[in-house]
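Listed here are the chains, written in short residue letters.
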Amino acid sequence: MTKEEDGLDMTGAEMVALASSVALCLSKKLTAKEVCLMRTFFQTVASNLSTIEYTDTICKKKLK
């Protein structure tokens, strides 16, 4: 996916670098329990976004 296609004006590598930086910053300021809670929260967000994306893809195919 190119910068133009993803709508974020970031390449995949740039998004990974940003995510890593954010994770490192958060982990230095949070306890192990809080890091675990954040992990669970972000996994849930990612899972829900995947479901929305998949549903949207299926709906677009059915409308064609």
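Residues numbered from 1 in each chain as written. Predicted model: local features only at pLDDT ≥ 70, side-chain atom pairs only at ≥ 80, totals over all residues. Heavy atoms only, no water.

Across its full length, the protein chain holds three helices and zero strands. Order of helices (α) and strands (β) in the protein chain, N terminus to C terminus: α-α-α. Considering the protein chain as a whole, with its 64 residues, one finds that 2% of them fall into the buried category. Summing over all exposed atoms, the protein chain offers an accessible surface of approximately 5800 Å²; the carbon and sulfur share of this is 67%. (Helix = DSSP H or I, 4+ residues; strand = E, 2+ residues; numbered from the N terminus. Buried < 20%, exposed > 50% of the residue type's maximum accessible area, 1.4 Å probe, protein only. Areas by Shrake-Rupley, 256 points an atom, 1.4 Å probe, with all protein chains shown as cover.)

Our focus in this paragraph is the packing of aromatic side chains. Evaluated as defined, the whole model comprises one aromatic pair. Measuring from ring centre to ring centre gives 5.2 Å for F41 and F42, while their planes differ by 70 degrees; the resulting arrangement is edge-to-face. A residue is classified by how much of its surface remains accessible, and F42, at 46% relative accessible area, is partly exposed. (Phe/Tyr/Trp six-rings, centres within 6.5 Å; stacked < 30°, edge-to-face > 60°.)

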